[in-house]
Amino acid sequence: MRSVCRVNDAPHTLPPPELRAPEFRNLKSAQFTRIETPLSPLGLVDKTQLLKAVNETLIAEYKWPSTLDDDHHLQWPSNQYPNISNTRVNPHSFRNNVGNRCDLPRNFHNWLHAVTQPPTLPSEEVMYYSNEAQIAIDTLHRCVQNAKMLVRKPNMKSGRLNDRLTELFYEYHEALAMLEGIPIEFHPIDVDDFRPKGIEDILNIQGQLGRLATSSTVAVATRIIRQPRAQTTIAA
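Residues numbered from 1 in each chain as written. Predicted model: local features only at pLDDT ≥ 70, side-chain atom pairs only at ≥ 80, totals over all residues. Heavy atoms only, no water.

Novice: Would you mind showing me how to read the overall build of the protein here?
Specialist: Looking only at helices and strands, the protein has 8 helices and 4 strands in total. Listing each helix as α and each strand as β along the protein from the N terminus yields β-α-β-β-α-β-α-α-α-α-α-α. Per-residue burial over the protein gives 44% buried out of 236 residues. Of the contacts made within the protein by residues no fewer than 6 positions apart, 78% connect residues no fewer than 24 positions apart. A total accessible area of about 12,800 Å² is found for the protein, and carbon and sulfur atoms account for 51% of it. (Helix = DSSP H or I, 4+ residues; strand = E, 2+ residues; numbered from the N terminus. Buried < 20%, exposed > 50% of the residue type's maximum accessible area, 1.4 Å probe, protein only. Contact = heavy atoms within 4.5 Å. Areas by Shrake-Rupley, 256 points an atom, 1.4 Å probe, with all protein chains shown as cover.)

In structure tokens:
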């Protein structure tokens with residue numbers, strides 16, 4: 001066996017055939033079958049299982065580029081998620097939720113589309129509750145960030161500071177109540193772990209809300225696509 005560490009740096013190309021698993025070397029073959037996109041019990045794309053499945057289509061020597069510079073929408077194609085405003089569910093908003101996106105190397109993104117089937121369209125109910133949960137999480141995160149920013153603001157009068165912190169405290173609890181009104185299977189957090197009794201508790205809330213309200217996928221994607229593969233290596 002010979003050891004080859006090959007990185008495909010060309011952003012818009014696909015991995016070379018000799019570094020693919022045998023069943024993925026000829027995508028135009030009549031025998032080629034795309035991977036079925038893994039889904040969660042709710043019918044949402046299982047991001048972790050998807051990235052693992054795509055990564056395993058290459059053999060051990062192939063290394064993805066280190067730059068995660070491309071935004072992949074887990075729910076595709078885009079024409080299945082039209083932008084329909086003033087309705088109970090806007091599919092476009094659902095597709096653009098942070099939880100439904102993933103930062104990837106460009107050629108991983110291209111390869112994913114080449115070797116996987118588009119995911120099944122989730123039900124209207126799933127899209128609705130996913131949207132509602134994301135709105136609640138975004139509001140919780142914004143309240144925490146604004147509160148922390150206010151206490152660091154120089155020369156702010158204490159009376160004004162207390163008033164604004166109180167407003168944020170009540171806004172935070174309204175968002176928490178909104179999340180509690182959503183079926184628990186859509187909760188991205190344990191609500192009881194994020195129930196502050198006072199302003200000081202809000203100021204002590206750390207990063208999990210931020211990871212859910214902003215792009216949370218870089219660390220996850222990096223870890224998965226750097227994992228050793230089970231595929232055989234290039235023969236001598």
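Novice: Which parts of the structure should I look at to understand the side chain of T37?
Specialist: Looking at the element boundaries, T37 is found in the loop between β1 (6-7) and α1 (47-55). Given the relative accessible area of 8%, T37 is considered buried. Side-chain polar atoms of T37 contact the backbone oxygen of Q117, separated by 2.4 Å. (Polar contact = N/O pair within 3.5 Å; in protein donor to acceptor, adjacent residues only side chain to side chain.)

Novice: So what exactly am I meant to see when it comes to the packing of aromatic side chains here?
Specialist: Aromatic rings considered in pairs are described by the distance between their centres and by the relative angle of their planes. Tallying each qualifying case throughout the model produces 7 aromatic pairs. With a centroid separation of 5.2 Å and 65 degrees between ring planes, the pair formed by Y128 and Y129 is classed as edge-to-face. On the basis of relative accessibility, which here comes to 19%, the residue Y129 falls in the buried class. R88 extends its terminal NZ or CZ atom over the ring of Y128, reaching a point 3.8 Å from the ring centre. (Phe/Tyr/Trp six-rings, centres within 6.5 Å; stacked < 30°, edge-to-face > 60°. Lys NZ or Arg CZ within 6 Å of the ring centre and 35° of its normal.)

Novice: I keep staring at the packing of α1 against helix α3 (residues 106-115) and nothing clicks. Help me out?
Specialist: When two helices pack together, you describe them by how their axes are tilted relative to each other and by the distance separating the axes. Between α1 and α3, whose axes approach to 10 Å, the crossing angle comes to 90 degrees. When the axis of α1 is compared with that of α3, the two are roughly perpendicular. Along the contact surface, α1 presents L50, L51, V54 and N55, while α3 presents F108, W111, L112 and V115. Residues that form the contact of α1 with α3 fall into these classes: 7 nonpolar, 1 polar and no charged. (Axes fitted to C-alpha atoms, helices over the stretch in contact; angles between N-to-C directions. Parallel < 35°, antiparallel > 145°, perpendicular 65-115°, else oblique. Nonpolar A, V, L, I, M, F, W, Y, C, P; charged D, E, K, R; others polar.)

Novice: Hey, could you run me through the pattern of salt bridges in this one?
Specialist: Once the charged atoms of two side chains with opposite charge are near each other, the side chains can pair. Evaluation of the coordinates by the stated rule reveals 8 salt bridges. Close ionic contact of E125 with R88 constitutes a salt bridge, the shortest N to O distance being 3.3 Å. Of this pair, E125 sits in helix α4 (residues 124-152) while R88 sits in the loop between β3 (70-73) and α2 (91-95); the two residues are 37 residues apart in sequence, bridging distant segments of the chain. For E125, a relative accessible area of 37% corresponds to the partly exposed category. Connected via shared salt-bridge partners are R88, E124 and E125. (Salt bridge = Lys/Arg side-chain N within 4 Å of Asp/Glu carboxyl O.)

Novice: Honestly, unusual backbone geometry in this entry has me stumped. Any pointers?
Specialist: With an omega of 5 degrees, the peptide bond between W76 and P77 qualifies as cis. Residue position: P77 is located in the loop between β3 and α2. Here N86, not a glycine, exhibits a phi torsion of approximately 60 degrees, which is positive. Residue classification places N86 among the exposed positions, given a relative accessible area of 82%.

Novice: Would you mind showing me how to read the layout of surface pockets here?
Specialist: Empty space left among the atoms is revealed by rolling a probe the size of a water molecule over them. Roughly 580 Å³ of internal volume is contained in the largest pocket. If you go around the largest pocket, you meet 25 residues; those closest to its centre are L44, G99, N100, P188 and L212. (1 Å grid on protein atoms, 1.4 Å probe; cavity = no way out; pocket = protein on both sides within 12 Å on 5 of 7 lines; lining within 4 Å. Points joined across faces, edges and corners; volume = space filled by probe spheres on them.)

Novice: Got a minute to help me understand α3 in this structure?
Specialist: Along an α-helix, residues three or four apart share an orientation, since each turn contains 3.6 residues. Along α3, 8 of the 10 residues are buried, which leaves the element largely enclosed by surrounding structure. Listed in full, the buried residues belonging to α3 are N107, F108, H109, N110, W111, L112, A114 and V115.

Novice: Would you mind showing me how to read the environment of L58 here?
Specialist: Relative to the assigned elements, L58 resides in the loop between α1 and β2 (62-63). Classification of L58 by relative accessible area gives buried; the value is 0%. C-alpha separation for the pair L58 and R20, spaced 38 residues apart in sequence, amounts to 4.2 Å.

Novice: What exactly am I supposed to notice about the packing of α4 against helix α5 (residues 158-180) here?
Specialist: Contact geometry of α4 with α5 gives a least axis separation of 9 Å together with a crossing angle of 160 degrees. Compared by their axis directions, α4 and α5 come out roughly antiparallel. Once α4 is placed against α5, the crossing between them reads as left-handed. Of the residues belonging to the contact of α4 with α5, the class tally is 18 nonpolar, 2 polar and 4 charged. (Left-handed = near helix turned anticlockwise from the far one by under 90°.)

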